[in-house]
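Read off the chains here:
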Amino acid sequence: MDKMSELLPVFVPVIVYWITVAVYEKLVIANDEYRLFTEEEEEAQNVVPPKEVVRGVLVNQGMQILLAVFYFMASIIVGGAMKNNILFKDEKLRPLMMGRGKKETKGGGGVLHIGSQIAVALLVLDTWEYFWHRILHENDYLFKNFHAMHHFQKVPYSYGGQYVHPFDAFVGQLVGNALSVELSGMSSTTAAVFYSMLAIKNIDDHCSRWFPHCNVFQRFFRNNVAFHSVHHQLQGFNYNYSVHVLSTWDLLLGTYLPCTVEEKKGGGYRLRTAKDD
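(A) Up close: the packing of helix 5 (residues 111-138) against helix 7 (residues 166-184). Viewed as axis vectors pointing N to C, helix 5 and helix 7 meet at an angle of 155°, and their least axial separation amounts to 8 Å. With respect to their mutual orientation, helix 5 and helix 7 come out roughly antiparallel. When you trace helix 5 past helix 7, the crossing you get is right-handed. Taking contact as the criterion, the partners of Q117, V120, A121, V124, L125, W128, E129, W132 and L136 in helix 5 are, on helix 7, F167, D168, V171, G172, V175, G176, N177, L179, S180, L183 and S184.

(B) How the structure looks around the pattern of salt bridges. Tallying each qualifying case throughout the model produces 5 salt bridges. Of the charged contacts in the structure, one is a salt bridge between R55 and E52, with a shortest N-O distance of 2.9 Å. Of this pair, R55 and E52 are both found in helix 3 (residues 50-83), 3 residues apart, which corresponds to roughly one turn of the helix. Given a relative accessible area of 46%, R55 falls into the partly exposed group. When the shortest N-O distance is used, the salt bridge between E138 and R134 registers 2.7 Å.

(C) Inspection of the nonpolar core at higher detail. Counting 24 residues, the largest nonpolar core has Y17, L36, V53, Y159, Y163, W210 and L271 as the members making the most contacts within it. Contributions of two or more residues to this core are made by helix 1 (8-28), helix 3, helix 8 (188-205), helix 10 (225-232) and strand 2 (269-273). Beyond its immediate chain neighbours, meaning those up to four positions away, L271 contacts L36, F37, A226, S229, V230, T260, V261 and D276. Judged by nonpolar contacts, the second largest core, of 10 residues, contains A121, L125, V181 and V245.

(D) How the structure looks around the pairing of strand 1 (residues 259-263). Here strand 1 pairs with strand 2 via 5 bridges, running antiparallel. Counted as the bridge partner of E262 is R270 from strand 2. From the end of strand 1 to the start of strand 2, which pair antiparallel, there are 5 residues, and G267 there has a positive phi angle of about 110°.

(E) Spatial organisation of the side chain of Q233. For Q233, the location among the structural elements is in the loop between helix 10 and helix 11 (248-253). Owing to a relative accessible area of 13%, Q233 belongs among the buried residues under this scheme. If we ignore the near neighbours within four places in the chain, the residues touching Q233 are F37, Q45, K154 and V155.

(F) Representation of helix 7 in the model. With 19 residues, helix 7 should reach 27 Å at 1.5 Å per residue; the first-to-last C-alpha distance of 25 Å fits that figure. Buried within helix 7 are the following residues: D168, A169, V171, G172, Q173, G176, S180, V181 and S184.

(G) Region of the structure containing the packing of aromatic side chains. A complete count under the given rule lists 13 aromatic pairs for this structure. Consider the rings of F217 and F221, whose centres lie 6.2 Å apart with planes at 50°: the pair is tilted. Judged by its relative accessible area of 18%, F217 falls in the buried class. Here a set of aromatic residues connected by ring pairs shows up, and it is made of Y130, F131, Y241 and W249. Against the face of F221 rests K201, its NZ or CZ located 5.6 Å from the ring centre.

(H) How the structure looks around helix 8. Spanning 18 residues, helix 8 covers 25 Å between terminal C-alpha atoms, matching the ideal 26 Å at 1.5 Å per step. Of all the 18 residues making up helix 8, 14 are buried; the element is thus mostly covered by neighbouring parts of the structure.

(I) Structural context of empty space enclosed by the protein. This model, assessed by the stated rule, comprises 1 cavity of 30 Å³ or more. Considered as a void within the structure, the largest cavity measures approximately 40 Å³ in volume. In terms of lining, the largest cavity is formed by L122, L125, D126, V243, H244, V245 and L246.

Basis of the calculations
Residues numbered from 1 in each chain as written. Predicted model: local features only at pLDDT ≥ 70, side-chain atom pairs only at ≥ 80, totals over all residues. Heavy atoms only, no water. Axes fitted to C-alpha atoms, helices over the stretch in contact; angles between N-to-C directions. Helix = DSSP H or I, 4+ residues; strand = E, 2+ residues; numbered from the N terminus. Parallel < 35°, antiparallel > 145°, perpendicular 65-115°, else oblique. Left-handed = near helix turned anticlockwise from the far one by under 90°. Contact = heavy atoms within 4.5 Å. Salt bridge = Lys/Arg side-chain N within 4 Å of Asp/Glu carboxyl O. Buried < 20%, exposed > 50% of the residue type's maximum accessible area, 1.4 Å probe, protein only. Core = buried A, V, L, I, M, F, W, Y, C linked by side-chain atoms within 4.5 Å. Pairing = 2+ DSSP bridges. Expected span 1.5 Å × (residues − 1). Phe/Tyr/Trp six-rings, centres within 6.5 Å; stacked < 30°, edge-to-face > 60°. Lys NZ or Arg CZ within 6 Å of the ring centre and 35° of its normal. 1 Å grid on protein atoms, 1.4 Å probe; cavity = no way out; pocket = protein on both sides within 12 Å on 5 of 7 lines; lining within 4 Å. Points joined across faces, edges and corners; volume = space filled by probe spheres on them.

Listed below in structure tokens is the structure:
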């Protein structure tokens, strides 16, 4: 059972992702008064149909699950081989042979300990995904072949955050997620909760709706749906590369494009940046 728990960060966020998508699509997206873009703008600007976006997301999630299961099975085989090694019986050498400098009581820890792990994971993800995302935009070959498909959504769909090329998903998401878990030392259970929360925020960041009062992500985070919607528009193409929660590197390296959300008289909202003036 302990071994099986290592798969929690793989399956739980996927389940949470689609439950959240269902809630957004049925209860949130249907309300046009919160739109950042009109329905006409969405239809005119998006060059990929919703069904294709769903298919692309399922392909990436399937790839992630298969790779995780493969890694899981390989770790069992390697672990079994190690147990037959006389050095593995040494309590001091065992963690090193397992490739980790921490004990197997990894799942424990108080609130402060778990909080510090999450902070480290966020910093690792922020750094990894910012620079990978920026490289994809600044290298014409990489953008054309591996990242352009994500920008087929000029007005993102709520479920479109994971609509990326499999290579982009592997390097940007899988590698980044693995690094953040290993370097932070968080348990499988903590990782499952952490990535489930990021999945929910990813959906909110791509929902193309603005909720000024009742949405925690949009009210308290600079990196929110407005921040990311600007990036999907032409004026923000080379700005706002940060993903998920932080916007640290955008602020430090001058790629942060501030924006405001204005209420339209006829209902709905519009984005405005310094480049619009």
